[in-house]
Amino acid sequence: FTPRLVAVSKMKSAAMIKECYDAGQRHFGENYVQQLTEKAPQLPSDISWHYIGKIQSNKAKQIVSVPNLFMVETVDREKAAASLHKALQDSGREEPLSILVQVNPAAEETKSGITSAEELEKVVEYIRDKCPSLRFKGLMVIGRPGMMEDMDKLVSYKEHLLSKYPELKELNPFELSMGMSNDFEDAIKKGSTN
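Small disclaimer: the values here were computed from a predicted structure and weren't measured.

What is the right way to read the packing of aromatic side chains from this model?
Enumeration over the complete set of coordinates arrives at 2 aromatic pairs. With a centroid separation of 6.0 Å and an interplanar angle of 45 degrees, the aromatic rings of Phe28 and Trp49 are classed as tilted. Residue Phe28 is found in strand E2 (residues 27–30), and its partner Trp49 is found in strand E3 (residues 48–51); the two are separated by 21 residues along the sequence. In terms of burial, Phe28 and Trp49 fall into one category: buried.

Okay, here's the thing in structure tokens:
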């Protein structure tokens, strides 16, 4: 599997995104719902959008309104999954939406994400059992700069889930979204797919 490069386009104009698109980039990540919903219609429809911001229940409908939304990477609690699921059901979208569960291995107060294996199991089970319009695809971390143990923890959470739910081995691949501009090479070595 070749890792996917997601260009984070927050605070960048549609014109700048189009330049990257013209150079061959197809996956873009947005942190803010308003920017996602404003930019997506202005740009080519074969862009694959990743929502990488905090999920507020009252904004779920807007997030899923983007027809070429490829993935939501920041599901961090049952309530977020439930609001996306309901919005998708109301939208009439037929294809399940790929989602990643965000983890916060260092329990940083400034970041969202799951902080324990037990909490992770609970959210993954909820998504799989109660949210058929969502497709669990893997895990995401926004690690602390230079702290490889955050990536290691993400890999250990993946292994934990694969041992508890062997059917997840059918995910091809089991997504691990980790690494930024300064450490993406290390992230790829540790198994990042995104």
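Would you mind going over helix H6 (residues 148–164) with me for this structure?
An α-helix turns once every 3.6 residues. As a result, residues three or four positions apart point the same way. Relative to the 24 Å expected for 17 residues at 1.5 Å per residue, H6 spans 25 Å between its end C-alpha atoms, a close match to the ideal helical length. Every buried residue belonging to H6 is among Asp150, Met151, Leu154, Tyr157, Lys158, Leu161 and Leu162, and all of these are buried. Summarising the axial view, the buried residues of H6 lie within an arc of 135 degrees, below the 170-degree limit, and thus occupy one face. Elements in contact with the buried residues of H6: strand E5 (97–103), helix H5 (117–130), strand E6 (134–141), strand E7 (175–177) and helix H7 (184–189).

Can you help me understand the side chain of Lys39 in this one?
If you trace the backbone, Lys39 turns up in helix H2 (residues 33–39). In terms of polar contacts, Lys39 uses its side chain to reach the backbone carbonyl oxygen of Ser9, at 2.9 Å. A distance of 2.6 Å separates the side chain of Lys39 from the backbone oxygen of Lys12, its partner in a polar contact. When sequence neighbours within four positions are dropped, the list of residues in contact with Lys39 reads Ser9, Lys10, Met11, Lys12, Ile17, Glu30 and Trp49.

I would appreciate a short explanation of the pairing of strand E4 (residues 69–75) in the present structure.
Along a regular strand, successive side chains alternate from one face of the sheet to the other. Extensive coverage of E4 is indicated by the burial of 6 of its 7 residues. As defined by bridge partners, E4 adjoins E5 across 3 bridges and the pair is classed as parallel. Pairing of Val75 across the sheet is with Val101, part of E5. Each parallel crossover has a hand, and the one from E4 via helix H4 (residues 78–91) to E5 is right-handed.

Explanation requested: the side chain of Thr193 in the structure shown.
Relative to the helices and strands, Thr193 is located in the segment after H7. Not counting chain neighbours up to four residues away, the residues in contact with Thr193 comprise Phe1, Pro3, Arg4, Pro173, Phe174, Glu175 and Leu176.

So what exactly am I meant to see when it comes to the environment of Ser156 here?
Checked against the element boundaries, Ser156 lands in helix H6. On the basis of relative accessible area, Ser156 is assigned to the partly exposed category, the value being 34%.

Help me out: how do you make sense of unusual backbone geometry in this one?
The bulk of non-glycine residues show a negative phi, and the bulk of peptide bonds are trans. Residue Pro173 follows Asn172 across a cis peptide bond; omega there is 0 degrees. Among the secondary structure elements, Pro173 is positioned in the loop between H6 and E7. A positive phi angle, near 65 degrees, is found at Met11, a position not held by glycine. Tracing the chain through its elements places Met11 in the loop between strand E1 (7–8) and helix H1 (14–22). Met11 sits in the exposed class, given a relative accessible area of 61%.

Before we go on, may I ask you to explain the packing of H4 against H5 in this structure?
For any two helices packed against each other, the geometry comes down to the angle between their axes and how far apart the axes lie. Between H4 and H5, the least distance of the axes is 9 Å, while the angle of their chain directions is 20 degrees. Judged on the interaxial angle alone, H5 and H4 are roughly parallel. Considering the relative orientation of H4 and H5, their crossing is right-handed. On H5, the residues touching Glu78, Ala81, Ala82 and His85 of H4 are Lys122, Val123, Tyr126, Ile127 and Lys130.

Parameters and conventions
- Residues numbered from 1 in each chain as written.
- Predicted model: local features only at pLDDT ≥ 70, side-chain atom pairs only at ≥ 80, totals over all residues.
- Heavy atoms only, no water.
- Phe/Tyr/Trp six-rings, centres within 6.5 Å; stacked < 30°, edge-to-face > 60°.
- Helix = DSSP H or I, 4+ residues; strand = E, 2+ residues; numbered from the N terminus.
- Buried < 20%, exposed > 50% of the residue type's maximum accessible area, 1.4 Å probe, protein only.
- Expected span 1.5 Å × (residues − 1).
- Arc of directions from axis to C-beta.
- Contact = heavy atoms within 4.5 Å.
- Polar contact = N/O pair within 3.5 Å; in protein donor to acceptor, adjacent residues only side chain to side chain.
- Pairing = 2+ DSSP bridges.
- Right-handed = clockwise from strand over helix to strand, strands pointing away.
- Axes fitted to C-alpha atoms, helices over the stretch in contact; angles between N-to-C directions.
- Parallel < 35°, antiparallel > 145°, perpendicular 65-115°, else oblique.
- Left-handed = near helix turned anticlockwise from the far one by under 90°.

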